[in-house]
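Residue strings, one per chain:
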Amino acid sequence: MSLLFSPKKLGPHQLDNRIIVAPMCQYSAQEGYPTAWHTMHYGQLALSGASLVIVEATAVEPRGRISYKDLGIWSDQHGSELKKLVENIKQYSPAKIGIQIAHAGRKASTDLPWNGGASLAPDSPNGWQKVAPSEIPFSNHHQPHALAIDEIEEIKQAFVNAARRAELAGFDVIEIHGAHGYLLHEFLSPLSNHRTDQYGGDFNNRSRLLVDIFVAVKNAVSENVCVGVRISATDWVEGGWDLESTIALTQHLEELGCHYIHVSSGGLSEKQEIKLGPNYQVPFAQAIYNETQLPVITVGLITEPEQAEAILLTEQADFIALGRGILYDPRWPWHAAEKLKQTIKVAPQYLRCAPHGSKGFFK
């Protein structure tokens, strides 16, 4: 059997295969609420054959949105609307459904990507004041407000409240967003965190907020919920957050009962020098895989079934996350199953669509 199509546990859940849909922002919410776009978008991805679909970064408070069109989970009503989305999907799809809970920090208050994605000033119609560990702006964005201790405590509680709402909404997996230059990553990196209190300075202090939020979230939900963390393994900038720090943090999260680590990179600094190419982030995943027992999810320019299979065969990661590739080809898992001569579960409504000569790969 192909490893890509073999089952494996992720926390309390048994996944049918190793294919995961990574969280990807859609910038299509209204006041944080999901719209018909989300129903169509996540519905088709949940019918793709992937074993887990993770809903995009969902803000734990209004100022934690990247843009004014981001999803939110800062109120019970947001949770109720997300519950409708999850229930609609689960009527027809066997896929597990996850949600990434997030705070954008100093990268918040932006316009929509297709409008240029520029930073919006606090006094603009769709803008607000950004917050961060320190008063250091991202790129040419406006200066963020440095969070006071009591404000940090409020954000911790916002993550806990979001996690409780996510479980009530029926999500199987909660992913804490600690990557891509957003708030928790900003606390981790010495490039963006110049604090001198218990949340700044050495590795332990800079890691404190993410670790505290992980522990609080894990304690706030039942054992039926898988709780993992997405991390940027490196800032790709000299003197920034690096792979050694990521491994140390992952080992600590493992001791605390984390269910998985989702390995990405970059996003914190406009000075990053990323060497793009197929599998460009896989070496980071492999380095973490070699130093931990945690299930490792890798992502980034993994586009071919044989490529994904090789990553698993050579023990570089446990799961393959797809982003832009599965947006381009929402039936990627079907095509991968055919190419690797495996079988895959599909909705019965689609059983008749297998190409002539390939009918056997549909369960």
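Residues numbered from 1 in each chain as written. Predicted model: local features only at pLDDT ≥ 70, side-chain atom pairs only at ≥ 80, totals over all residues. Heavy atoms only, no water.

A.B. asks: Whenever I open this one, the UniProt feature "domain: NADH:flavin oxidoreductase/NADH oxidase N-terminal" (unreviewed entry) in the protein chain confuses me. Can you help?
C.D. replies: In the numbering used here, UniProt assigns the feature "domain: NADH:flavin oxidoreductase/NADH oxidase N-terminal" (unreviewed entry) to residues 4-341. Its end C-alpha atoms 11 Å apart, residues 4-341 is made of 33% helix and 16% strand. (UniProt positions renumbered as here; feature names shortened; annotations may be inferred. Helix = DSSP H or I, 4+ residues; strand = E, 2+ residues; numbered from the N terminus.)

A.B. asks: So what exactly am I meant to see when it comes to the pattern of salt bridges here?
C.D. replies: Side chains bearing opposite charge may pair, as long as their charged atoms lie close to each other. Under the criterion given, the structure shown has 10 salt bridges. K156 is paired through a salt bridge with D212; the nearest N and O atoms lie 3.0 Å apart. Placement of the pair is K156 in helix 3 (residues 149-168) and D212 in helix 5 (residues 203-220), with a sequence separation of 56 residues. Residue K156 is classed as buried on the basis of its relative accessible area of 14%. Judged by relative accessible area, which is 27%, D212 ranks as partly exposed. The salt bridge partner of D197 is R195, with a shortest N-O separation of 2.7 Å. On the basis of relative accessibility, which here comes to 11%, the residue R195 falls in the buried class. (Salt bridge = Lys/Arg side-chain N within 4 Å of Asp/Glu carboxyl O. Buried < 20%, exposed > 50% of the residue type's maximum accessible area, 1.4 Å probe, protein only.)

A.B. asks: Quick question: what am I supposed to make of the pairing of strand 10 (residues 261-264) here?
C.D. replies: In regular strands, side chains alternate between the two faces of the sheet. Side chains I261 and V263 of strand 10 all project onto a buried face; the interleaved residues H262 and S264 project onto the opposite face, where all are buried too. Note that the unit made of strand 9 (residues 226-232), helix 6 (residues 243-255) and strand 10 has a crossover that is right-handed. Note: strand 10 against strand 11 (residues 296-299), three bridges, orientation parallel. By the bridge assignment for strand 11, I261 is matched with V296. Note on the crossover from strand 10 through helix 7 (residues 282-289) to strand 11: the handedness is right-handed. (Right-handed = clockwise from strand over helix to strand, strands pointing away. Pairing = 2+ DSSP bridges.)

A.B. asks: I would appreciate a short explanation of the nonpolar core in the present structure.
C.D. replies: Soluble globular proteins tend to pack their nonpolar side chains together in the buried interior. Grouped together as the largest cluster of nonpolar side chains are 86 residues, with contacts concentrated most on L4, I101 and I176. Of the residues forming this core, the biggest block, seven residues, is contributed by helix 3. Residues contacting I101, with those up to four places away along its chain left out, are T58, V60, I73, F159, A162, A163, I174, E175, I176, H177 and V217. With 13 residues, the next largest nonpolar core counts A22, V173, I297 and V299 among its residues. (Core = buried A, V, L, I, M, F, W, Y, C linked by side-chain atoms within 4.5 Å. Contact = heavy atoms within 4.5 Å.)

A.B. asks: Explain unusual backbone geometry to me, please; I cannot follow it from the model alone.
C.D. replies: Excluding glycine, a negative phi dihedral is what most residues carry, and trans is how most peptide bonds are arranged. Backbone geometry places L301, a non-glycine residue, at a positive phi of 55°. Turning to its location among the elements, L301 is positioned in the loop between strand 11 and helix 8 (305-313). Positive phi outside glycine occurs at E315, with the angle close to 55°.

A.B. asks: It is not clear to me how the packing of aromatic side chains should be interpreted in this structure. Could you clarify?
C.D. replies: Both the distance between ring centres and the angle between the ring planes are used here to describe each pair of aromatic rings. Applying the stated criterion across every chain, the model contains seven aromatic pairs. Note on W236 and F284: the rings are 5.4 Å apart at their centroids and 75° apart in plane angle, and the pair reads as edge-to-face. Remark: F284 occurs in helix 7 and W236 occurs in the loop between strand 9 and helix 6; sequence separation between them is 48 residues. There is no split in this pair, since W236 and F284 are both buried. (Phe/Tyr/Trp six-rings, centres within 6.5 Å; stacked < 30°, edge-to-face > 60°.)

A.B. asks: Where do I start with the sheet that holds strand 5 (residues 96-102) in this structure?
C.D. replies: What the eight strands build is a closed barrel, ordered 3-4-5-8-9-10-11-12; its pairing is parallel. Here the average twist between neighbouring strands, direction ignored, is 25°. Relative to strand 10, strand 9 runs parallel, the two sharing four bridges. Each residue of the ladder has a partner; that of R230, found in strand 10, is H262. (Axes fitted to C-alpha atoms, helices over the stretch in contact; angles between N-to-C directions.)

A.B. asks: Would you take a moment to explain helix 3 for this structure?
C.D. replies: Along its 20 residues, helix 3 runs 29 Å from first to last C-alpha, staying within 8% of the 28 Å computed at 1.5 Å per residue. Among the residues making up helix 3, those that are buried are E151, I152, I155, K156, A158, F159, V160, A162, A163, R165 and A166. Buried residues in helix 3 make contact with helix 2 (76-90), strand 5, strand 7 (145-146), strand 8 (173-178), helix 4 (183-188) and helix 5. At the C-terminal side of helix 3, G170 shows a positive phi close to 100°. (Expected span 1.5 Å × (residues − 1).)

A.B. asks: Just to check I follow, could you spell out the packing of helix 6 against helix 7 for this structure?
C.D. replies: Relative placement of two packed helices is described by the angle separating their axes and the distance separating the axes. Closest axis-to-axis distance for the helix 6/helix 7 pair is 10 Å, and the angle between their directions is 45°. Here helix 7 runs oblique to helix 6, going by the angle between their axes. Between helix 6 and helix 7 lies a crossing of right-handed hand. Residue-level contacts link L243, T246, I247 and T250 of helix 6 to F284, A287 and I288 of helix 7. Its residues placed into classes, the contact of helix 6 with helix 7 shows five nonpolar, two polar and no charged. (Parallel < 35°, antiparallel > 145°, perpendicular 65-115°, else oblique. Left-handed = near helix turned anticlockwise from the far one by under 90°. Nonpolar A, V, L, I, M, F, W, Y, C, P; charged D, E, K, R; others polar.)

A.B. asks: Can you walk me through the environment of L294 in this structure?
C.D. replies: Tracing the sequence through the fold places L294 in the loop between helix 7 and strand 11. Residue class for L294 comes out buried when judged on its relative accessible area of 5%. The sequence separation of L294 and V215 amounts to 79 residues, and the corresponding C-alpha distance is 16 Å. Every residue in contact with L294, bar those within four places of it in the chain, is listed here: T250, E254, C258, H259, Y260, I261 and D318.

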